[in-house]
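Breakdown of the fold
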Amino acid sequence: MVSQISKISTSKTSHNLLPDKPTCKNCSCFFCILSETVPSIRRTKIAHYFKQMPLREDQEHILVLSGIWKIAMTKPNDPEFPSLGSFRCMAKLIRKGVKDKGWLLRHQNIYIPYYAAHIIGSYTMHKAKFAKKAVKSMVVQPLVELLRGKISWVEQRVALRALNHLASHEATFEAVNEHRSEIIEAAINIASTCLNEVYDKFVCLKESHRLEYHRNLLTRGFGSLELENRKAEEWGSQLQCWSLYLIDCFACKEKSLRFICKKKFLKGLCGMWGGMANPSSPGGIGLLRTLCHTQIGRQSIADLQEVIENFCNVARSSDDRQHMAIESLFELLRDPVTRYKVIDTAAPVLVDLVELRDIRGKHKVGQAIMQILLQDYHKIKFYKLSLNSERTRRTLEELWDLKVERVKRERLMNEQEIREKEALSSVLKQEGNQRFLSGEIEKAVMKYTEALDLCPLKLRKERIVLHSNRAQCHLLLKDAESAISDTTRALCLSDVACPHSKSLWRRSQAYDMKGLAKESLMDCLKFISTRFRSWKTKGLKIPYYAARMVNKHMNSTWLFASAKSKWCSKHEALKEFMMSQNQFDVMNLRKKTRRKMKGEF
């Protein structure tokens, strides 16, 4: 289909140049109908036009659809067009475009399915009654055809948008659910391959090789090459995020979970974070969280160590989806079937978050973490039930001592005893600083640890500094995991609105050391944001070391980074094959030449 589309004339199109007062030689044209002042006549003529539009061959169809699209985008709650048959008209136009390739490639008809699906999506965005009318007008099947890639990826995008709106309304979900096998299969395929598709079919191509109608749709015909690439990145991100949202609609209703919970797809979700273009999107982790609320989803996810580790990394990061990762781990640990499959990986991470207070409107998160981790602590302690890891046992014992035993001890202390412990802790901290400055890093770690053991729990600022200092020591010792642990504890102790900036930078370095580019980038951006917000200094510049870190990870976390790598690898392999083929041909030619020469002599 794309090869056929590429034969379309590359002349500039006028579909986006809708005039305010179009000149018209035909009194029955759509724009003349809209100017009709008698409401009953206007409605009758519009309804008739929508009935006749799919049956007529008219070069002005795209101009009309462009006008309807603009109205639908600006007035999505206006009932006029939906009540007069616009949905049935759009469904027929899409069906015609999918089935009749000759018609699709005539005039500017290639634009029609895109605009028709976009109009359906706009009118079904908010109003359930419009969505019900769209379903009765048989729009679902044509949208599914576009979703399956019958034309190209730009039509898949608007089909996803429209199906998302239909699936999100309770009244129309069942109509979408009737096609669940086709829809889920197509959505999974789009989510997994769309970035490669957009890169291979558009971004990596030279300007002259790109489909002209794709370029016009992306930039309305007026954009530069830079704007085209930026819009292609945005649309590629939307393709992935909207396909995940559509699957999430089925997961929320616990439909087709066995089909969704395939190991390869669940592992791939860890990397589907939406990129910087969609900071508000839940991405792959949002779908994983939904699955964690189901029994089948929990059992499937608990067996995938890669997914659990991804939850842990996001839970200890500045990612806006941090609360989703924590919630997912909660669900896995509450379930007695999955608890002991994930606790070895999750417990050391969640322990670092027990001082966390509020996150995304949820209060006392740290206390909830403590309760979940210690819910069967007495069984472990008194009945000596064995866990898979001795480290988990020690982690829970340390947590019990910190949040239970130590709290009890400090409540029984008088002011004098607390001041003495505070003074001794300060002395140990100074000794740790001296050891650090003299290069005795391991001894400095020991001193900071002793100071933390003595420092009263209520002295949050002092504990923040001790954890952050110890994290710096771990960085110098190349112990990234311990550095992440200490910086996370420091950040949980600090104010959510104004986090400890040094700890953010040090955790960014630690994640960089572990090769986790996304988490490192998020912490680095938060570090820069915190500095600007707290200093409020005119002309403050981003520190060079932070700018270098951002530049490094912006490249590696670019939405099309993986697609570009695959494209380069494929072309390198093709180049090597062609070279080897040429060498083989040269060798054959030499052999034939030798045989001829022998024959002559």
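Residues numbered from 1 in each chain as written. Predicted model: local features only at pLDDT ≥ 70, side-chain atom pairs only at ≥ 80, totals over all residues. Heavy atoms only, no water.

Section: the environment of C32
By secondary structure assignment, the location of C32 is in helix α2 (residues 30-34). Separated by 10 residues in the primary sequence, C32 and R42 have C-alpha atoms spaced 9.6 Å apart. (Helix = DSSP H or I, 4+ residues; strand = E, 2+ residues; numbered from the N terminus.)

As for the nonpolar core
Ranked by size, the top nonpolar core spans 140 residues in total, and within it M90, L143, F265, I301 and F311 carry the most contacts. Sort the elements by how many residues they give to this core and helix α13 (residues 180-203) lands first, with 13 residues. L452, C455, L459 and C473 belong to the second-largest nonpolar core, a separate cluster that totals 11 residues. (Core = buried A, V, L, I, M, F, W, Y, C linked by side-chain atoms within 4.5 Å. Buried < 20%, exposed > 50% of the residue type's maximum accessible area, 1.4 Å probe, protein only.)

Some details on a positive patch on the surface
A grouping of K51, R88, K92, R95 and K99 is seen on the molecular surface, where their side chains present a positively charged patch. When residues of the positive patch are assigned to their parent elements, the largest contribution, four residues, is made by helix α6 (residues 86-99). (Patch = residues over 30% accessible without salt bridge, like charges linked within 9 Å, V, L, I, M, F, W, Y side chains within 5 Å. Areas by Shrake-Rupley, 256 points an atom, 1.4 Å probe, with all protein chains shown as cover. Salt bridge = Lys/Arg side-chain N within 4 Å of Asp/Glu carboxyl O. Lys, Arg positive; Asp, Glu negative; His and termini not counted. Charge placed at Lys NZ, Arg CZ, Asp CG, Glu CD.)

Some remarks on the packing of helix α11 (residues 153-168) against helix α15 (residues 225-252)
The angle between the axes and the distance between the axes are what describe a pair of packed helices. It is at 9 Å that the axes of α11 and α15 come closest, and there the two elements cross at 30 degrees. Handedness of the α11/α15 crossing: left-handed. On the side of α11, the interface is formed by W153, V154, Q156, R157, L160, R161, L163, N164, A167 and S168, while α15 contributes W235, Q238, L239, W242, S243, Y245, L246 and C249. Its residues assigned to classes, the contact of α11 with α15 comprises 11 nonpolar, five polar and two charged. (Axes fitted to C-alpha atoms, helices over the stretch in contact; angles between N-to-C directions. Left-handed = near helix turned anticlockwise from the far one by under 90°. Contact = heavy atoms within 4.5 Å. Nonpolar A, V, L, I, M, F, W, Y, C, P; charged D, E, K, R; others polar.)

Details of the packing of α6 against helix α10 (residues 140-147)
Where α6 contacts α10, the axes come no closer than 9 Å and their chain directions differ by 40 degrees. With respect to each other, α6 and α10 are oriented oblique. For α6 against α10, the interelement crossing comes out left-handed. Touching A91, I94, R95 and V98 of α6 are P142, L143, E145 and L146, all from α10. Here the residues of the contact of α6 with α10 sort into six nonpolar, no polar and two charged. (Parallel < 35°, antiparallel > 145°, perpendicular 65-115°, else oblique.)

Notes on unusual backbone geometry
We note that H107 has phi near 50 degrees; this positive angle belongs to a residue other than glycine. Tracing the sequence through the fold places H107 in the loop between α7 (101-104) and α8 (112-123). Unusually for a residue other than glycine, M138 sits at a positive phi of about 65 degrees. Its place among the elements puts M138 in the loop between α9 (128-136) and α10.

Topic: α9
Of all the residues in α9, the buried ones are F130, A131 and A134. Down the axis of α9, the buried side of the element spans an arc of 100 degrees, and every buried residue falls inside it. Exposed and facing more than 90 degrees away from the buried side of α9 are K129 and K136. Tucked into the core, α9 has its buried residues touching α5 (80-83), α6, α8 and α11. Within two residues after α9, M138 carries a phi angle of roughly 65 degrees, on the positive side. (Arc of directions from axis to C-beta.)

A word on the confidence of the model for the protein chain
The predicted model of the protein chain averages 88 in pLDDT, with 86% of residues at 70 or higher. α8 holds the highest mean pLDDT among the elements of the protein chain, 97, whereas helix α1 (residues 2-5) holds the lowest, 57. Between residues 8-22, whose pLDDT stays under 50, and residues either more than four places distant or in other chains, the model counts 32 contacts. (pLDDT = per-residue confidence, 0-100.)

Describing the environment of T172
Within the element layout of this structure, T172 appears in the loop between α11 and α12 (173-177). Among all residues touching T172, those that are not within four sequence positions of it are A131, K132, V135 and L166.

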